[in-house]
Amino acid sequence: MGRTVQASSFYITTPIYYVNDAPHIGHAYTSVVSDVIARFYRLDGRNVRFLSGTDEHGQKNERAAQKAGVDPQDYVDQYSQNFRTMLDQLNCAYDVYGRTSSHEHKKAAQALWSRLSDAGQIYLGSYAGWYSVRDEAFYDEGELIDGKAPTGAPVEWVEEPSYFFKLSEWQEPLLKYFRQNPNFVAPQSRYNEVIRFVESGLHDLSISRTALSWGIKVPNDPVHTLYVWLDALTIYLTGAGFPDVTSESYQAYWPASLHVMGKDILRFHAVYWPAFLLAANLPVPKRIFAHGWWTNEGQKMSKSLGNVITPAALIDHYGVDQTRYCLVREIQFGQDGNFSDQSVRQRINSDLANDLGNLFQRVLRFINKTTGGEVIAPGIYSKDDETLLQNSRAMIIEMRATMNEQALNKTFDCVWNVIGEANRYVDSQKPWALAKDDPTRMMTVLYVLLATLQRIAIVLQPLMPESAEKMLDMVGVDRACRSFDNLGQMPTIGLTLPEPTALFLRCEVER
Ligand code: MSP
């Protein structure tokens, strides 16, 4: 039983978001992409767990709470809710909302520490160097640019006793692991970058702070608090049920199938994280995907420039499915991308309103007009009918293959290819002309089109859950028959379809 569950399990995570920031397009992007992947595998029959959540400890929050004159727990409770709201607004169907200030996480993080300590991987020393509170990261002197972190964040000199993790011992084992698992880090350019970084040499890593009290205490030495990245990364284990390694949850979901994150935090995930896990004798996640960054109309986004795009504004402006659609299709997953209002409007108008929306409208309105919405049995299929039926049924094969590589834009290109083909089929078969000359043939054409629309609606669910639901209702697919294993089904003869309604409104062209 346990084995079957494990074989079909898929555990996917977003990074957990720093609570003190306001949700922006970067957070929305990681979340939506992960949700599309999670929904895809759920519909494909996998046993999916999808984790998102918030990263709540550290000096940044401790100082902010102090400044606001509130208890840090109250402070993070309030801000963590902003990200939960963002996920809900974006229609992200997470299974676990992990919070580092939770009791179960504290247990998991301390258990990981104890495993590392028992394995002789931790020693007490003292740290002297630069630390950036904003990045919650240590920097070498050589990394500083004009006295600041490479990210532009201010740094402060820190000198304190600290526990260290023997990261330097893991250089060779990591390189060996990367070579044996060439798919561990994607895309390929990031994999190469990680290898180059590890080859350049690893120093032991300071993993505790004494100047910090808002965090998880080091077991048996509560003067020390866990370094926030060690704390934060452990959330992925917490979400799988660690430290209870015998639990059904842990057995099913660990190691994680996929960690999704932005390129800026790849090093933590692809180097430190596997090193901690290998050192603790725990399995390493199967894959790490680092996506690119968004700019706004060609400019880097920042609070000081006042050009930060918030998910709430996008949803307000374009609608939730339109936002999800554009986030996924505007950039090749893994590359950087630019957000431009004009290009988003164009995409909504051409891909959604014209190609997809019109296809549904013209076919469903015509069925409604000619048969009152009743699904009539087809006659004999022509070569063209067979081809469209074959292609609409087979698109899932390539969708699966591209999804397995997280080439999401290609996954949905497959759907738009079929949408284009179906539109051309309508133009060439001219059902409106057949109405008079050959009504039997017209019924066959409409039946083939309806089958195609049903399939399109089924495979669009991960990307646009709300609109796909509406489409599925309109094309008469029963709620119980919406998973991918229904893609070979044909429409039920005799069923009456509801009256079609509009799917996507066109966006006003910019004035
Ligand atoms: N708390 C850490 C992650 C810990 S995971 C164990 C963190 N949080 S974050 O809130 O700063 O970043 C969350 C995600 O947003 C990261 O994947 C980051 O790459 C992504 N983005 C932030 N700005 C972005 C853009 N402008 N564009 C795309 N994604 C970007 O880091």
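Residues numbered from 1 in each chain as written. Predicted model: local features only at pLDDT ≥ 70, side-chain atom pairs only at ≥ 80, totals over all residues. Heavy atoms only, no water.

1. Quick word on the overall build of the protein
Within the protein, the regular secondary structure consists of 19 helices and 16 strands. Its C-alpha radius of gyration of 26 Å places the protein within 12% of the 24 Å reference for a compact globule of 511 residues. If one aligns the C-alpha atoms of the protein with their principal axes, the spans along those axes are about 90 × 55 × 40 Å. Per-residue burial for the protein yields a buried fraction of 56% across its 511 residues. In the protein, the proportion of contacts linking residues at least 24 apart, taken out of those at least 6 apart, comes to 77%. Total accessible area on the protein stands at roughly 21,900 Å², and carbon and sulfur atoms take up 49% of it. Of the side-chain charges in the protein, 49 are positive and 59 negative, and the distance between the mean point of each set is 4 Å. (Helix = DSSP H or I, 4+ residues; strand = E, 2+ residues; numbered from the N terminus. Rg over C-alpha atoms; globule rule 2.2 N^0.38 Å. Buried < 20%, exposed > 50% of the residue type's maximum accessible area, 1.4 Å probe, protein only. Contact = heavy atoms within 4.5 Å. Areas by Shrake-Rupley, 256 points an atom, 1.4 Å probe, with all protein chains shown as cover. Lys, Arg positive; Asp, Glu negative; His and termini not counted. Charge placed at Lys NZ, Arg CZ, Asp CG, Glu CD.)

2. Concerning the site of the ligand
Near the ligand you find 23 residues, and of these Ile 16, Asp 55, Gly 262, Asp 264 and Trp 294 are the closest. Residue Asp 55 places a side-chain N or O atom 2.7 Å away from a nitrogen atom belonging to the ligand. Here Asp 264 contributes a side-chain N or O atom positioned 2.5 Å from an oxygen atom of the ligand. When the ligand is considered free in solution it has 670 Å² of accessible area, and contact with the protein chains removes 94% of it. Among the residues forming the shell around the ligand, the class breakdown is 13 nonpolar, eight polar and two charged. (Near = heavy atom within 4 Å. Polar contact = N/O pair within 3.5 Å; in protein donor to acceptor, adjacent residues only side chain to side chain. Nonpolar A, V, L, I, M, F, W, Y, C, P; charged D, E, K, R; others polar.)

3. Quick word on the side chain of Arg 482
Inspection of the secondary structure puts Arg 482 in the segment after α19 (465-474). Classification of Arg 482 as buried rests on a relative accessible area of 8%. Here the side chain of Arg 482 touches Val 477 through a polar contact of 2.8 Å, landing on its backbone oxygen. Apart from residues no more than four positions distant in its own chain, Arg 482 is found in contact with Leu 43, Ile 458, Gln 461, Glu 469, Leu 472, Asp 473 and Val 477.

4. Considering the sheet that holds strand β5 (residues 122-132)
Across a sheet, strands are paired by hydrogen bonds formed along the backbone, either parallel or antiparallel in direction. Strand order across the open sheet formed by four strands is β6-β5-β7-β9, with antiparallel pairing between neighbours. Every other strand in the sheet has two partners, leaving β6 (137-139) and β9 (205-206) as the edge strands with one partner each. Across two bridges, the pairing between strand β7 (residues 156-165) and β9 is antiparallel. Residue pairing in the sheet places Phe 164 in a bridge with Ser 206 of β9. Helix-sheet contacts for helix α11 (residues 266-279) involve β6, β7 and β9, and the interaxial angle to β7 is about 35 degrees. (Pairing = 2+ DSSP bridges. Axes fitted to C-alpha atoms, helices over the stretch in contact; angles between N-to-C directions.)

5. Side note on unusual backbone geometry
Cis geometry marks the peptide bond from Ala 186 to Pro 187; its omega dihedral reads -10 degrees. Within the secondary structure, Pro 187 is located in the loop between β8 (185-186) and α7 (188-199). The residue after Trp 254, namely Pro 255, is reached through a cis peptide bond having omega 5 degrees. Tracing the backbone through its elements, the reader meets Pro 255 in the loop between α10 (248-253) and β13 (258-262). For Asn 91, which is not a glycine, the phi torsion comes out positive at approximately 65 degrees. Unlike most non-glycine residues, Gln 406 shows phi in positive territory, near 55 degrees. In this fold, Gln 406 is placed in the loop between α15 (383-404) and α16 (408-429). Given a relative accessible area of 4%, Gln 406 falls into the buried group.

6. A closer look at the confidence of the model for the protein
When the pLDDT values of the protein are averaged, the result is 95; 98% of them are 70 or greater. Segment residues 1-6 is flagged for pLDDT under 50; beyond a separation of four residues in sequence, or across chains, it makes five contacts in the model. (pLDDT = per-residue confidence, 0-100.)

7. So, the pattern of salt bridges
With the rule as written, the count across this model stands at 20 salt bridges. Of the charged contacts, one joins Asp 427 and Arg 362 as a salt bridge, the two residues approaching to 2.6 Å between their closest N and O atoms. On the criterion of sequence distance, the pair formed by Asp 427 in helix α16 and Arg 362 in helix α14 (residues 341-371) is long-range, its members being 65 residues apart. Taking the relative accessible area as the measure of exposure, Arg 362 reaches 32% and is therefore partly exposed. Through salt bridges with shared partners, a single ionic network connects Glu 469, Asp 473, Arg 479 and Arg 482. (Salt bridge = Lys/Arg side-chain N within 4 Å of Asp/Glu carboxyl O.)

8. With respect to α15
Across its 22 residues, α15 extends 32 Å between first and last C-alpha, which sits within 8% of the 32 Å expected from 1.5 Å per residue. Considering bend angle alone, the principal kink of α15 is centred on Arg 393 and spans about 30 degrees. Every buried residue belonging to α15 is among Asp 385, Leu 388, Leu 389, Ser 392, Met 395, Ile 396, Met 399, Thr 402 and Met 403, and all of these are buried. Where α15 begins, one side-chain oxygen reaches toward the backbone nitrogen of Asp 384, 3.3 Å away; that side chain belongs to Ser 382. One or two steps after α15, the chain reaches Gln 406, where phi turns positive at roughly 55 degrees. (Expected span 1.5 Å × (residues − 1). Bend = angle between axes of the 7 residues up to and from the residue.)

9. A look at the sheet that holds strand β12 (residues 221-226)
Pairing within the open sheet is antiparallel, and its three strands lie in the order β10-β12-β11. Two strands in the sheet have a free side with no partner beyond their single neighbour: β10 (208-209) and β11 (217-218). Bridge count between β11 and β12: two bridges; the pairing is antiparallel. Residue Val 218 lies in a different strand from β12, and its bridge partner there is Asp 221.

10. A closer look at the packing of aromatic side chains
We describe a pair of aromatic rings using the distance from one ring centre to the other and the angle between the two ring planes. Summed over the entire model, instances satisfying the criterion amount to 27 aromatic pairs. Ring centres of Tyr 11 and Trp 254 lie 6.3 Å apart, and the angle between their planes is 65 degrees; this geometry places the pair in the edge-to-face category. Placement of Tyr 11 in strand β1 (residues 9-13) and of Trp 254 in the loop between α10 and β13 is noted, with a sequence separation of 243 residues between them. Here Tyr 11 matches Trp 254 in class, with each residue buried. One aromatic cluster is present, built from ring pairs that chain together Tyr 11, Tyr 236, Tyr 253, Trp 254 and Trp 273. Of note, Lys 60 hangs over the ring of Tyr 18, and the distance from its end group to the ring centre comes to 3.8 Å. (Phe/Tyr/Trp six-rings, centres within 6.5 Å; stacked < 30°, edge-to-face > 60°. Lys NZ or Arg CZ within 6 Å of the ring centre and 35° of its normal.)

11. Looking at the environment of Ala 252
Within the element layout of this structure, Ala 252 appears in helix α10. Each C-alpha atom of the pair Ala 252 and Arg 329 lies 32 Å from the other, and the pair is 77 residues apart in sequence.

12. Focus on the nonpolar core
With 98 residues, the main nonpolar core has Leu 356, Phe 360, Val 415, Ile 456 and Leu 460 as its most contacted residues. It is helix α18 (residues 439-460) that contributes the most residues to this core, 15 residues altogether. Ignoring anything within four residues of it in the chain, the contact list for Leu 356 reads Asp 351, Trp 416, Ile 419, Ile 456, Leu 460, Met 464, Met 471 and Phe 504. Core analysis: the next-biggest nonpolar cluster, separate from the first, contains 75 residues, Ala 137, Leu 144, Phe 178 and Tyr 272 among them. (Core = buried A, V, L, I, M, F, W, Y, C linked by side-chain atoms within 4.5 Å.)

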